[in-house]
Amino acid sequence: MKIIMLGLNHRTAKLALRERLAFTSNNVQPVYDGVHQIFPDVERVVLSTCNRTELYVAGPVERFGQHEVPSANGTLGGSVSSAPGAQPLQGNRHGTSPPHSAPYQGGEWGGRIATKLIEYLADLCQVDVGELAEVLVNHEGENAVRHLFQVASGLDSMILGEPQILGQVKRAYEDAKQRNTVGPGLHQVFQHAIATSKQVRSRTGIGKGRVSVGSVAIDLARKIFERFNDKVVVCIGAGEMAKVMLRHFLELHPARLWLTNRSLDRALALAQTMRLVPSMEAQVDTENAGPPAAVTGELGGVRPFKQLDDLLVEADIVLTSTGAPEPIITAKRFKPLMRRRHHRPLFMVDIALPRDIEEAVGSMSNVYLNNLDHLQSVVARTYEQRRDQLQACDSMITDAVRVCISEIEHRDISQMIKALRKKLHAIGGSEHERFVRKISHATPDELPKLVEEHSHRLINKVLHLPMKALGGRNTNAPLGDYASVLSRLFELDDVSQPNDANEDQVESVETDKSIKAAVDRPAAKS
Amino acid sequence: MPDPITTIGLALLAGLSLTASVLAVLRLRRLGTSVGLRRTQFSLTGLCISGTAGLFIYRALTVTNRWQPLVSHVDGLLLMSCLFAATVLFVQRARLKGLAAFALPLFTVILTWGVCASAWTYERFAVRTLWMGAHSVSLYLGSLFFCVAAAAGGMYLYVQHSLHRHRDPAAISRLASLEAIESLNIRTATIGFSLLTLGLVTGLIMSSTGSTRLGPQWWFQPKIVLSVMVWLIYAIVMNVRYATAFRGSRAAWLSIVGLVLLMATFVIAMALPDAPIEPDNMQVVWTTIGEAEP
C-alpha cells in the first residue's frame, strides 16, 4: 500500500493562500470527489485547520497507475530544504522550519501523483499552479505517517504541544469515515496517530503548562480565589491587550465586570464589543455639566475614571493596560483603600508598559501583583519545558511509526499471500480439469507419462510469471533484486550476479522458450 | 503501667507516618510525580489511620477496660491522631488538595509524642469524674481541629509565599486556593473553638470546685493561663473575616502559634504538678495510681 501526504501549513504558506485552501465540512466534498476521479477507489482524508490543509491519500500501488514503486519521493519544484527522513524536531515555536514540514525535492514517481493533485486543487481553489507548488509539502510512505503522528501530537503546531489539533485530526477522520473515503489503510494510520498522540501527551510534558499571558493570569487568579461568581473584576484601559485579558476573565463568570478609562467613549466601545452594556444608544453624556453617570448592563458596565478609588475598593481582581506614562495606582493612593477594603485579598494584573501600578503596591499584605514580565516568564518557561520534551516525543513517535508501518506491511503481505494462493489454486484447478479429461480416455500404460506431463505443466505454469519478470521484459527494476528475492524465497544456493545479466537473460529466454514449448506440446497433442 | 504493645505500635506507626510525610513533601516539591508515589503515600496514610484506630480500640478493650476509654494522655493522642488523619484525608479528597503535605508531618509529631507519653511519661489521669471525661474528650477533639487549622495555616503561607515570589503556577497547581484554605482555617478554628470552650468550662468547673479544686487563685495556674490564651487566639482566627486586620497570613500564623501554645498547655498540664499560689490550705491535685487521696 502507498500512503501520500500533500499539504501546506503556517510555515510554508502565508495566511492569504492558506485561507483559499481552507475547507470546512460543508465545502470539502469536491476535494474528495476530485481525488476519486484522478485516482479511483483510493482512500482519502482531508485535514483542514486554520494553520494547515493536508490531503492524505492511500491505496494499492496499481491504483496510482504504477506497478513498481521506487523509494524516492516526488518532485515538486520550488524551494529546497533538507532531506526527508526520521529527523528529530529542532523546536518550532518561532516559525523555523523543521525538516519534515518544508517543501523538498524527491524522485519522479511521487512527483507525478502530486502534480495531478496540485493541478486539481489549484483549479478548484482558483490559485496559480506554480504558486501552489511552491508552498506544498509532499511526503510518502513512512514519512507521511510520521508527519501525521507529529501533527496529531502538536509537534508541528504553531504553538508547540497545543491540544486542539488532536480534536481536529479526529474530526477530519470521522468526517472522512462518514463520506466512506476511509479504508483499512488510512483507518489504521489515523487510529494509530490518535492513540500515539494521547500517549505522547500523557507520558511527556509536551502539553503541560500555559502558553499565553491571559491563561497564566487566570491560573494565578484560581490560586487566590476559589469562586468567581461573587467577585468583581475591574479593567482599567480599553486597548487591544485589555480586550484580550477581558475575554479570558469573562470565562470565569464574575459577578460584575467594570470597565474604566480616561476616554470613556473607548471604554464604552469596548464594553459594547464584550457585550457588557446593551446597545449603542446607551451612551454616556460627557458634554453635560456634572459627573457622567455609569453605563451598566447585566454583567457590569462602564464607570467614569473619577470613580477609580471606589472601583479599587470594590474590586477583587484588577486588570490594567493603559498607556499612561506614570503609574496610576501608587502605594500612597492605595494604602488607605486597603483599610476600606477590609484587607480583602486583591489580585492585580498590570500588562501596561510603562507600568500602571507601583511595585510597592504588590508588597502590601493580601495584594498579589503580577506584571508583564512575571507572566511572560511563565510562558517562556513553559515553552522551554516543552522543547525539552521534543526528543522524548520524537522517540515515542519513531517507535509508533515503526509499529504502524509493520502492521500495514503485514496486512499487505497477508493480502498478497491470499491473492497468490488464489492465483495458484486457479492454475491448479484448470490443470486438474485438463488432467482429469486426459486420464479418462487414457490406458493404464499412458498414465505415468500423463502424470509426468501434468507435473511439468503445473511447474511451468507456476514459474511462468516469475520467469517472465526475471527475463526483464516488463519491468525496469534491477535484475539482481528479483534474482536475490527468488533465491531467498525458494532457498536456492546460487544468486544471479549483475555482471552475469546477459548470460542470465539468454538462459531465461531459453527457459522461457522451453516453458513455452512444454506448455504448447500437450495442447498440440490434445 | 506502660503497655509495650502500645509503645511499639505507636513507634511503628510514627515511622510509617514519617515515610508518608517525606513522600508528600517530595510530591509537593514536584520531585516525584508518579502515580506509584501517590498511591504509596495514600496507602501508608491509610495504614496509619487503621493502626491508630486499632490501637485505641485495643486499649479501650484490654488496657483501660472502661466505658470511657480516655484514661491517659496516650489514649487522647491516639484518638486525636486517628481522627486528625481521617479528617485530612476527607478534606483533601473533597476540595483541598495538597493538605496532606502539611498535615502528615504534624501527624508524625503527634504519634512521636504518643511514643514518649506511652514509654516514658505514662500516667493515668488522676481524676475520674464525668467532668473529667467531658473535659478530656472536648479538649482532644478540639485539638484535632486546631491541628487541621494549623496545617491549613502552613499551606496558606506556602501558597502565598509562592505567589509573592512569582513562581510558576504549575508548581502549586496541586494545592488549593488561598480562599479555600482560609475558609477551612476559619471553619476548623470555629469547631475547635467551640470544643475548646466546652473543655475550658468543664476544666474551670473542675479547677474551682470539689476535690479537684486548685485553690483560690486557680485562675493563675500556668495551664489555665495558657488555655485562655489559646482560646483568645482562636477566637480571633474564627472571626478573621470581621477582625480584618488579622486577615490573610496573620490568621495563618495565629493558627500555627495557637497550636504550639496548645501543645505547650498539654505538656505543662501533664508534666508539671499544679502549684497552688498559697500552699498552706490547698490540695495537691496530682496523684498517681496507688497514692491515697487527701
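Predicted model, so just to flag it, every value in this text is computed and none were measured.

Basis of the calculations
Residues numbered from 1 in each chain as written. Chains lettered and ligands numbered in written order. Predicted model: local features only at pLDDT ≥ 70, side-chain atom pairs only at ≥ 80, totals over all residues. Heavy atoms only, no water. Helix = DSSP H or I, 4+ residues; strand = E, 2+ residues; numbered from the N terminus. Buried < 20%, exposed > 50% of the residue type's maximum accessible area, 1.4 Å probe, protein only. Contact = heavy atoms within 4.5 Å. Areas by Shrake-Rupley, 256 points an atom, 1.4 Å probe, with all protein chains shown as cover. Polar contact = N/O pair within 3.5 Å; in protein donor to acceptor, adjacent residues only side chain to side chain. Core = buried A, V, L, I, M, F, W, Y, C linked by side-chain atoms within 4.5 Å. Salt bridge = Lys/Arg side-chain N within 4 Å of Asp/Glu carboxyl O.

Draft legend 1. Local environment of the overall build of chain A. A tally of helices and strands in chain A yields 18 helices and eleven strands. Counting over 526 residues, chain A shows a buried share of 47%. Counted over contacts in chain A with a minimum sequence separation of 6, partners at least 24 positions apart contribute 74%. Of the roughly 26700 Å² that chain A leaves accessible, carbon and sulfur atoms contribute 52%.

Draft legend 2. The side chain of A:Thr260, seen in detail. Residues and elements named next belong to chain A. Tracing the backbone shows Thr260 in strand β6 (residues 256-260). A distance of 3.4 Å separates a polar side-chain atom of Thr260 from the backbone oxygen of Pro304. Engagement of the side chain of Thr260 in a polar contact is seen with the backbone nitrogen of Phe305, the distance being 3.3 Å. Sequence-distant contacts of Thr260, defined by excluding residues within four places in its chain, comprise Cys235, Ile236, Gly237, Ala267, Arg303, Pro304, Phe305, Leu308 and Leu311.

Draft legend 3. Structural detail: the nonpolar core. One finds A:Phe249, A:Leu319, A:Phe347, B:Phe84, B:Tyr234 and B:Leu259 to be the most contacted residues of the largest nonpolar core, which totals 125 residues. In terms of residues, this core owes the most to one element, helix α5 (residues 130-164) of chain B, which gives 18 residues. For B:Tyr234, the residues in contact, after removing those within four places along its chain, are B:Phe146, B:Ala149, B:Ala189, B:Phe193, B:Ser255, B:Gly258 and B:Leu259. Within the second largest apolar cluster, 67 residues are counted, among which are A:Phe39, A:Cys125, A:Ala133 and A:Val182.

Draft legend 4. Just the environment of B:Ile186, in detail. Residues and elements named next belong to chain B. In this fold, Ile186 is placed in helix α6 (residues 178-208). Overall, Ile186 belongs to the buried group, its relative accessible area being 12%. Taking the C-alpha atoms as reference points, Ile186 and Arg241, 55 residues apart in sequence, are found 8.7 Å from one another. Contact partners of Ile186, with chain neighbours within four places excluded, come to Val237, Met238, Val240 and Arg241.

Draft legend 5. Representation of the pattern of salt bridges within the structure. Residue and element names in this part refer to chain A. Applying the stated criterion across every chain, the model contains 22 salt bridges over all chains. Put simply, Arg227 and Asp230 hold a salt bridge, and the shortest N to O gap is 3.6 Å. Between Asp412 and Arg411 there is a salt bridge whose closest N-O contact spans 3.8 Å. Both residues of the pair, Asp412 and Arg411, count as buried. Among the charged side chains, a network of salt bridges with common partners joins Arg11, Arg52, Glu54 and Asp156.

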